[in-house]
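Report on the structure
Here is how the chains run, residue by residue.
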Amino acid sequence: MNGPSYYEFYRRSTVGATLADALDTLIVDQRIQPQLAMKVLANFDRVTSDHLRSDVRAKMTFKGHLSTYRFCDDVWTFVIKDVNMKLDDNEVLDVGKFKIVACNSKKSGE
Amino acid sequence: MDLQTTVSLIETLYSPNQDYQVILQAQKQLQFIQKQQNANILAHELLQLPSQNIQFFGALTYTVYFTNHLNEINLNDFISILLDEIIDSLKRNLSNLIINKLLSNLAKVYIKSCNNDNENNPLDLLLKHLQSINYNENLFINLSLISSKIFAEELSISIDLIKKEQHEIILSNLFNKTIQNILNSFPLSLINKNLWLDCLQSWMLYITKIEFDYSLNKIDLNSYFNLIINFMINYNDIDSLNLISEVYDLNPSLFNYNNKFQLDSILFSNWTINFIKLNENNFENLSKLSRFITLFLNSDLLNLASKIIDKSFDYKFEFLLNLTNFNGNPIIDETFSVDLLDFWILFTECFINDIDNIYLLLKNDNNKIIELNEKSQDYFENLSQIYWEKCHILDFNNNSDNDDADDLQDIEDQFINFRRDISELFETLFSISRIKIFNNLTNSIINNLSTTTNLSINQIKNIETSLYLLTSISSILTENGILPEFLNDMNLLFKSKFLEKILLIENNNNNENQYNKYLIKNSIKFLSEINWFYENNEIGKFYINEVLIYLFQNLNNNNYQDLSSKAILMITDSCRYKIINLLDDFENAAKLMIINKFNVEINVRSRIIRSYANILQTIENFELQSNKISNFLNLIYNESINAFKIIELNKGNSIILQDINNFLYSMISSLVGLAKGLKLPNDWEDYYEENPNKVKEIYNYWRFNDKFKINELCLKLILLYSFPNEFNFNFNFKNKFFFEQILNFFKCGLTEAFPGPFVIKEDLIIEYILKCCKYFQQINIKNNNELFSSINKIIELYGLVINSYHISMTISKITNIQFDIIDLKMDIIINEIFFKQFNEIMIDPDLIQSIFTLFSNIISKYPNDLLKNKEIIKILKISIDQIFINNQQRFIIISISKLWCNLIYLRKGKIEDIKKINEILINKEIGQYLVYNLMKGFINTSRSNIEFFIDIIRALTSKFSKYLSNWIIKSFEKINFENFNNKIIKIEDINLFIKQLLLTRGNRAANKVIQEFWFKITGMIDYGM
C-alpha cells in the first residue's frame, strides 16, 4: 500500500549522503538502475521519518540566546547562540551556535 | 530471439544461487527483448506457458512494452488486449500474483488514457464481462475489491503526473461509477473484511492526497466510515479500529459530525470498558485503543479544553482520568497511562500556548473564564496526583513474568522514557499552577521523611519521585521566575534536614536496594539544579555548606562519585564568590585527591581540583593566589616525579605500570582542571567593561610581578610529561593521552584574553613546538599511531597560537594594554612541522587534513606571512595534487577547499598579497594547474563531496573569471587526452558549462550549474538533495 509522501531533507544527513554515494557506485558498476536508486532513497525518506517519529525517544533541552528566527514556506528556522544543551543522562554540551530547522510533521498530502 | 531462448533466460534470472555475472547478462538480454516493438506478442506467449515465473515475466513484459511505446500504441486497443488477458487468466485460474500484475498494468493504461468522463472505465468493462459469463460470485467479489485497491494504489503512485482535471474525471468516471458501486454492492462483512478495509484505505489515501495537493472538493466517504464504525462496535474489531485511527491521523476532517458524534459516544461508554475487558491480556490491542483515543481527542483539543466548564462533559474528563489511572504498574501491567500521556501533555499545553483562543471560545466571558480556571486546576491537580503515582520507580528486579534480561532492560528503558515524559507534563503543569505544584512536591518529601521510625519502601519511593519531579521543575526555573513561595518551600525543605535523613536511610539500610540508589542519585541531581536557590538570595546561601557536605559524603561511594563531583563543580563554578570561606576545605580536599591517590575516577579528581580552582580564582590577593597555586603545582610535580621513579623500578610489571600510567594521566589532568578553574569566568569584553582597573592589575601582576613564577612551574611540569629523559629518566614520552592533556592545558591559556597564572606566552609555546618537532624527527615514526596523533596535536597547537596571537592584538587595540609583539617563526615552524616530516604527514589522512587546515587558518589571519614563504609554490602544488589524489577523502577535501577559498578571496589580504596571489595563479601558471586537478578530482569524486569542489570553482569564477574559461578548456583537453576513465567529455558540454558558470559570476546560482555539470559528465541523476 502506498503511504504519504515524505520530506527529503534527511538525504543531506551523513547517513543519507553516504547512502547516495553508495547508490552512485552501484549505478556506475551497472548493478542497479537509477530508478531503483530513487526508490531506495524514497524508502530511506519514509523509514527515517517513521523511525524518528516512532522509535527515537532521546530528548534534549537547551538554553541560549535566540539570535535569528524566521518562518518561510512552512519552515521555521531558529539560530541560537551560546547554547547550553542538556542531553539524557544529564550530559551537558556547550556550543557557540545552534540551528533548528523545523517543518510541519504532516507534510501536505500526509 | 526465439521463445525457447527467452524462457531459458527467464529461468536463469529467477533460479536461485546463480552467478551474479550470469544473472546480470540474462537481465540485460531480457530487458533488451522487453523493449522491442513486438514485445506485446512475446508477453502474450509467455502468459500462455505453464510456469508461474514465466507467466509473471509475461505480465511484466506488458508493463515494459507499454512504458516504452506509450506514444506509438493505441491505448484503447491496448486496454482491450489487457482485458482479454485478465479474463483469460481468471478462466485459467492463474496465480493472484499474475492477475494483480495484469490489473496493475490495466490501471496504468487507464490513467494514461482517461481524458473523457463519458467512456466506460476498464474496470467497469471487466466486471460487467465477468458478470455476463456468470463468473463465480465469491471470486467476483474478491476480484472487485482487489482491483479497486490496485487502481487506487496506481493512482497514488502517479499522483504528481496527473493534472487536476484528470483527477476530477477519474473521481467521476471511476470512483463514483464503479468503486462506490463495488463498496455498496458488497458491504463490509466478516467474510470480506480485510479486502474491503484495504480497498477503502487505498481510496481514502488517494482522496486525501488529491484533496491537499489539488484542492479538489472533499469526497464524502462517511457512509463507508459509518459501516466501519458499526462493524467495530458490533465485533470489537481491531482492524476497523486501526483504519479509523489512520484516518484520524491523516485527515480527521474526513469524518462528518454524525460519525464523530457516534465515535464520541462509544468511546466514553461501556463499549470501551468491554473492549478493555475482552482484550485484557492483549497489550497491543489495548495500546491501539488508547492510541485511537489520543488521536480522537487531539483532533479537537481547543474545543475540548473550552468544554471543561460544560457539566455534560464532566463524565468524559472523569472517564479519561480513570482510564489514565488504570490499575497496575505502567508498562508492566497497563499502557493507558503511557499512551494517554501524549494527549495530556498537549492538552495542558493548550492552557499555556492557546489560552487566548480558549477564552475566545468562551466569548471572553469573565465568569466562564474564572470557572474554567478553577475547574481546570482541579482536574490538573488530580492529573498530577495520578502521574505522580505512575512515576514511582518500578521493581525491575522482581518482575517474575519477564525473566529475560533483555526484556527487563527494555522495560526499564521504556519506564525511564515514560518518566521523562511525565516530568515534561509536570513542567507544563508547573507553568500553569506554579506555587501549588512546587509546594505539593516539597511537602511530600518533608511529610514522608517526618516519620521517626524506619521508612517503608513506599515512603522511599514517594520521596524519590518527588525529588525527581522537583529536579525537573527546578531545571526550568530562571532568575526571573523565582517566587518568594518557592524560597519559603525550599527553606522548609532544608530545615527538615532532608539531606541528613536521606543519608541515614542509605546508612541504615544494610540491604542496598535500587530505590535507595535512585533516591541518592536524584537528591544529587536536585542539588545540582537549584543554583537559582544558592545564587540570588540569602536563604539559599545559608545552605550551601550543608549541600557541599552532603555531596562530599556521597563522593566516597563509587556509585555516586561522578554525579556528586559534577554537582560540586557546578556549585563552585556558579557560587564561587559565596563560598570563599570554604577555600581551605577545598584546598585540603584537592590535596587529598593528589596525595592519597584517592580511589576515584580521573574525571572526578580533575573536577574536585577544578572546583578548588574556581574558588581560588575569586581571591583578590594575587600573591596569595599565586602562592597557593605554586604549592599545588609543586605537589603535583613531586607526586609525578615519585611516580616516574616507580616506573623505572617496575619496568617488567605491566599491571603496576598501568596503574602508574593512570595516576600520571590523572596528575596531568589535574593540571588542566586547575587551569580551567582559574580561567576568568565571564566573556572578556564583559569582564573588561565591568572591571577595567582589575584587568590592569591582573595584567601587571601576571606579566611582571609574579614572585612564584607559576608559568615556569607549569612549563617544567609540561616538559616532565613530554620529555622525562631530560629529568634523568631513562625513557621518553609516547602517550598520546598525556599529549592531549598538554594541548588542553595550553588551550586554557591560549583562549584567555589577559595574562594569568596559566597563560603561557606564545613564544614559549612556539619553542615547545619546535622542541617536539625535533624529537619527532629523531625517531622512527612509521606505523606509530601514538606519534602520528601527537604530531597532529602539535599542528593543532600551532594553529591555536596563531589564533590566540591574532585575538591578543585585537584586545590590545581595544583595551590599550600593551601585549608583547612576538615572532611567530612561521617559516621555521612550517619547515620543521611540514617539510621535515613531509613523508610522515603525507601517508596519514588526518595529518594531511590538519596541515592544510593550519595553512588555511594562517591565510585567514596572516596571509602575508605565508605568501612570502619561499616555498609557497611548493606548498600550493602539494595541496593541488591532493585535490585529485584524495578526491574521495572528505575531510582532506574540506580543508583544501577552505585553504583555496581563503587564498582566492584573500579577505584579510593587502594589495601586495593580492598581487602576489595573482602572480602565482596567472604568471606562474598555478591557476591552470589548480583547475586541471580540480576538474580531474571533481569528475571522480563522490556526490557528497561535490559541494567542496563547488566552493573553489565559485571562488575562481568570482575572482578569476577572465582566466577561468581558458583554464577549464585546457584542463579538459588534457583530461580527455589522458582518457583517465575511458570517458570523453564533450566539448559542447564544457562550453555550455563555462558559459553558464561565468554568467553566475560565482553567486549561489553557480551551485546548480556546477552540480548539473557533474550530473552530465558522470551520468548520475539528481536525487533532489
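Analysis parameters
Residues numbered from 1 in each chain as written. Chains lettered and ligands numbered in written order. Predicted model: local features only at pLDDT ≥ 70, side-chain atom pairs only at ≥ 80, totals over all residues. Heavy atoms only, no water. Contact = heavy atoms within 4.5 Å. Buried area = accessible area lost by both parts, 1.4 Å probe. Salt bridge = Lys/Arg side-chain N within 4 Å of Asp/Glu carboxyl O. Polar contact = N/O pair within 3.5 Å; in protein donor to acceptor, adjacent residues only side chain to side chain. Domains from an automatic or database assignment. Pairing = 2+ DSSP bridges. Helix = DSSP H or I, 4+ residues; strand = E, 2+ residues; numbered from the N terminus.

1. Details of the interface of chain B and chain A
Between chain B and chain A, the contact holds 39 residues from the first and 34 residues from the second. Buried area between chain B and chain A, both sides added, is near 3000 Å², and the carbon and sulfur share of it is 49%. In this structure, the connection of chain B to chain A is made through four salt bridges. Here glutamate 424 of chain B ties to lysine 59 of chain A by a salt bridge, and the two come within 2.3 Å at their closest N and O atoms. The tally of links between chain B and chain A comes to ten residue pairs in polar contact (both at pLDDT 80 or more).

2. A few points about the domain arrangement of chain B
Residues and elements named next belong to chain B. When the domains of chain B are assigned, the result is domain 1 (223–299), domain 2 (300–432) and domain 3 (433–578). Centre-to-centre separation of domain 2 and domain 3, based on C-alpha positions: 25 Å. Contacts between domain 2 and domain 3 engage 23 residues on the former and 25 residues on the latter. Interface of domain 2 and domain 3: buried area, both sides summed, is about 2000 Å²; carbon and sulfur atoms make up 60% of it. On the domain 2 side of the contact with domain 3, Trp388, Ile393 and Phe430 bury the most area, a combined 37% of that side's loss. Seen at the junction of domain 2 and domain 3, the total is two salt bridges. The partner of lysine 436 in a salt bridge is glutamate 381, and the shortest N-O contact between them spans 4.0 Å. Our enumeration of links across domain 2 and domain 3 arrives at 13 residue pairs in polar contact (both at pLDDT 80 or more).

3. Observations regarding the pairing of strand S2 (residues 75–87) of chain A
All names here are of chain A. Bridge analysis of strand S1 (residues 60–72) against S2 gives eleven bridges, and the strand direction is antiparallel. Across the sheet, the residue bridging to leucine 66 is isoleucine 80, located in S2. The hairpin formed by S1 and S2 contains two residues between the paired strands, and aspartate 73 there has a positive phi angle of roughly 50°. Across eleven bridges, the pairing between S2 and strand S3 (residues 92–103) is antiparallel. Residue pairing in the sheet places valine 75 in a bridge with cysteine 103 of S3. Adjacent in sequence and paired antiparallel, S2 and S3 are bridged by four residues, among which aspartate 89 carries a positive phi angle near 65°.

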